[in-house]
Each structure stands twice: as structure tokens, then as C-alpha cells.
Amino acid sequence: MSGPDISVVICVYTEDRWEDILAAVSSVRTQSRPALETLLVVDHNAALLDRLTKEYKEYEESGEGTVVRVLANAGPRGLSAGRNTGIAASRGEVVAFLDDDAVAERDWLRHFAEAYADPRVMAVGGRTVPIWASGRRPAWFPEEFDWVVGCTYRGLPPGLVKVRNVLGGNASFRRSAFDAAGGFATGIGRDGDKRPLGCEETELCIRLTRARPDAVLLIDDRAVIHHRVPEAREHFGYFRTRAYAEGLSKALVARSVGADKGLESERRYTTRVLPAGVARGLRDALLARPGGAGRAGAIVAGVLTAAGGYVVGSVRARRGGATFSVAPLSDSEGGRHD
């Protein structure tokens with residue numbers, strides 16, 4: 001098997017997603033290009049840690065298929081520290097990340113591996129498709145805002161393309177990228193079911209390209225995962241909350257890396273992609289197509305809400321009320337096993 005060995009990290013935090021977790025691991029174990037290992041990082045939940053350890057102990061003992069290792073988040077509570085723990089404990093030349101409520105298509109890792117044939121490539125992301133709990137996309141929900149539910153949104157270029165940053169729930173990084181830039185910043189990303197902050201992968205990718213100006217970051221839309229969207233996230237209340245949190249997160253990123261880089265992609269998205277989305281929604285409304293007016297209104301509301309979060313986040317950052325840190329990846333963050 002040519003190409004780099006790939007470790008897959010899945011961060012988990014709640015037993016409510018038990019079946020989703022098992023499905024995510026199963027999708028990694030049946031890849032056409034096998035993973036070196038799957039690491040389940042449990043975020044400060046002793047009961048879940050114990051249950052998963054028992055669930056996958058038989059796989060380690062049998063020695064069949066991809067090894068599944070279960071370990072505790074060695075850092076502060078939250079997704080960023082969980083990922084850092086997985087990175088430090090992993091053995092692969094490439095580390096891939098999969099959401100705990102997503103399943104990967106069979107060739108997911110194969111497409112990632114192919115992209116790393118170019119030594120300049122430091123990160124590769126894929127396409128994330130929503131699985132709506134209700135069975136179909138809500139008529140009012142604009143595709144331009146699918147990032148709200150952790151999925152690939154309308155406006156990203158198709159194919160295999162260079163990007164500023166990959167999206168964290170379906171992404172991979174060469175190990176040397178972390179050697180150059182450090183790990184994910186704690187204090188930006190999600191913390192269980194608390195306010196749905198994000199952008200930790202954006203901040204890392206910008207840091208990476210500053211440390212390695214020759215680095216190439218790609219998205220390959222053939223590397224597909226399917227992400228479950230629970231019913232609670234199909235409502236406008238969650239849409240608004242997530243948009244506001246995104247604004248808060250963007251303010252932290254801009255503080256870290258500067259507004260020029262921190263908002264570079266967002267300017268094109270706001271000035272080109274979103275106006276086109278509003279126009280499509282209004283056209284559909286005029287043609288009496290379901291949801292047109294709702295989609296146009298949601299785009300406008302989403303922009304205004306995110307802008308409000310950005311203003312609040314910027315004020316807090318100036319006052320010193322919002323902080324994050326980038327810790328070096330070492331044995332204290334979970335212990336890499338060579």
C-alpha cells in the first residue's frame with residue numbers, strides 16, 4: 001500500500017451519541033485504504049471512557065483489522081484539547097479527523113492519501129453532506145449556511161482545490177504540520193453542548209501557512225462523509241445561535257492572526273456568495289417555490305447575527321475577556337507512542 005500511514009482521531013463526549021460513535025468507527029474500519037489506527041478520545045466522561053474501552057477491547061486482543069484505541073482527553077475540556085490528545089498519541093504520518101456523528105464513505109482515506117503524494121501538501125479536507133433528522137432539508141434553510149450544521153456549504157469551489165483552511169470535522173493534516181505550527185488552540189472550539197463556538201481549524205491553518213509559506217492546503221470533494229443533523233439543529237433558534245457563535249469565534253481568530261488573514265475568505269463569501277443566495281431565494285419566492293423567501297430572510301438574519309457576534313467578540317478581546325492558547329504537542333498532551 002503506497003502513500004502515508006493515516007491515523008484517524010474521533011473525539012467523543014456523550015453517551016447520547018453511542019450508536020453514532022459505533023457507526024463512525026465502523027466506517028473507518030471498512031475503508032478501501034485501511035487506517036493505521038483509530039483513536040477515540042473521550043472528553044472528561046468516565047462512564048463513556050469505560051464503556052468504549054470495554055466495547056473495543058476485543059478488537060485489540062484479536063489483532064484483526066484496524067486497531068481501535070480509547071483514551072481520555074489529557075487537556076482541558078473541549079474539542080481542541082481532545083484533538084491535540086489524539087495527535088500526540090497517534091503514530092501515523094498523517095492524522096485525519098472524523099466527527100463522532102458522521103460516517104465516512106469507503107474511499108474517504110484513499111482520496112486523502114493520494115493528495116499527500118505532493119510533499120508540499122500539509123492538509124487535505126473533504127466534503128461533508130448533511131443527513132437531516134426529518135428526512136429532508138428544511139425549506140427555509142439556505143445551502144450557503146450549511147456550515148451552521150457542520151457541513152460543506154454552497155460557495156466552496158468544487159473538485160480538488162487549494163483553500164485557506166480545511167473544515168475540522170472532515171480533515172487531515174501531515175504530522176509535520178503540527179511540528180511546524182503546534183496544535184489546535186484551546187478556548188476557541190466546541191466544549192460539549194455549550195455555546196457552539198468554532199474556527200479552531202481556521203486559526204490553525206492560518207498559523208500553519210505562516211510557519212510554512214510553501215504549504216499547500218487542499219479540499220478534495222471526493223473525500224465524502226455524511227454528517228447527522230439532529231432535529232434540534234433544524235430550527236431557526238439553533239441557526240441564529242450558531243451564527244452568533246461563529247461571529248464570536250471569528251473575532252478570536254482575527255485577534256490571533258490579524259483581520260486580513262482571519263477574514264480573507266469571509267469577505268468573498270459575504271460580498272459574492274451570500275448576495276447570490278438572497279437573489280435566488282427572492283426569485284424562488286416570485287416563482288411561488290417553497291421556502292424562497294425564508295432562505296433569503298435566513299441569509300440576511302445569519303449575516304447580521306454573525307456580525308453582531310463579531311462586534312461583541314472584538315470588544316471582549318480588546319478588554320481581555322476572551323482568551324485562548326496554543327500548547328505544544330508533547331507527552332503531556334496524551335503521549336505519542338512510537
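In this text, all values refer to a predicted model and were calculated from it rather than measured experimentally. (Residues numbered from 1 in each chain as written. Predicted model: local features only at pLDDT ≥ 70, side-chain atom pairs only at ≥ 80, totals over all residues. Heavy atoms only, no water.)

A word on the confidence of the model for the protein. With 86% of its residues at a pLDDT of 70 or more, the protein has an overall mean of 89. Below pLDDT 50 for its whole length, residues 331–338 participates in 25 contacts with residues either more than four positions away or in separate chains. (pLDDT = per-residue confidence, 0-100. Contact = heavy atoms within 4.5 Å.)

Now for the packing of aromatic side chains. As enumerated under the stated definition, the model contains 16 aromatic pairs in all. With a centroid separation of 5.5 Å and 80 degrees between ring planes, the pair formed by Trp140 and Phe239 is classed as edge-to-face. Of this pair, Trp140 sits in the loop between β6 (121–132) and β7 (160–162) while Phe239 sits in helix α7 (residues 236–257), and the two are 99 residues apart along the sequence. Residue classification places Trp140 among the partly exposed residues on the basis of a relative accessible area of 22%. (Phe/Tyr/Trp six-rings, centres within 6.5 Å; stacked < 30°, edge-to-face > 60°. Helix = DSSP H or I, 4+ residues; strand = E, 2+ residues; numbered from the N terminus. Buried < 20%, exposed > 50% of the residue type's maximum accessible area, 1.4 Å probe, protein only.)

What follows covers the pairing of β6. Of all 12 residues in β6, nine are buried; the element is thus mostly enclosed. Examined bridge by bridge, β6 and strand β9 (residues 216–229) share 10 bridges and lie parallel to one another. The residue of β9 that forms the bridge with Thr128 is Ile225. Strand direction decides the pairing type here: β6 and strand β8 (residues 170–174), joined by three bridges, are antiparallel. For Gly125, the partnering residue across the bridge sits in β8 and is Ala171. (Pairing = 2+ DSSP bridges.)

Turning to the environment of Gly309, a few remarks are in order. Looking at the element boundaries, Gly309 is found in helix α10 (residues 292–319). Gly309 sits in the buried class, given a relative accessible area of 0%. A C-alpha to C-alpha distance of 8.6 Å links Gly309 and Lys250, two positions 59 residues apart in sequence. Residues within four places of Gly309 in sequence aside, it is in contact with Tyr244, Gly247 and Leu248.

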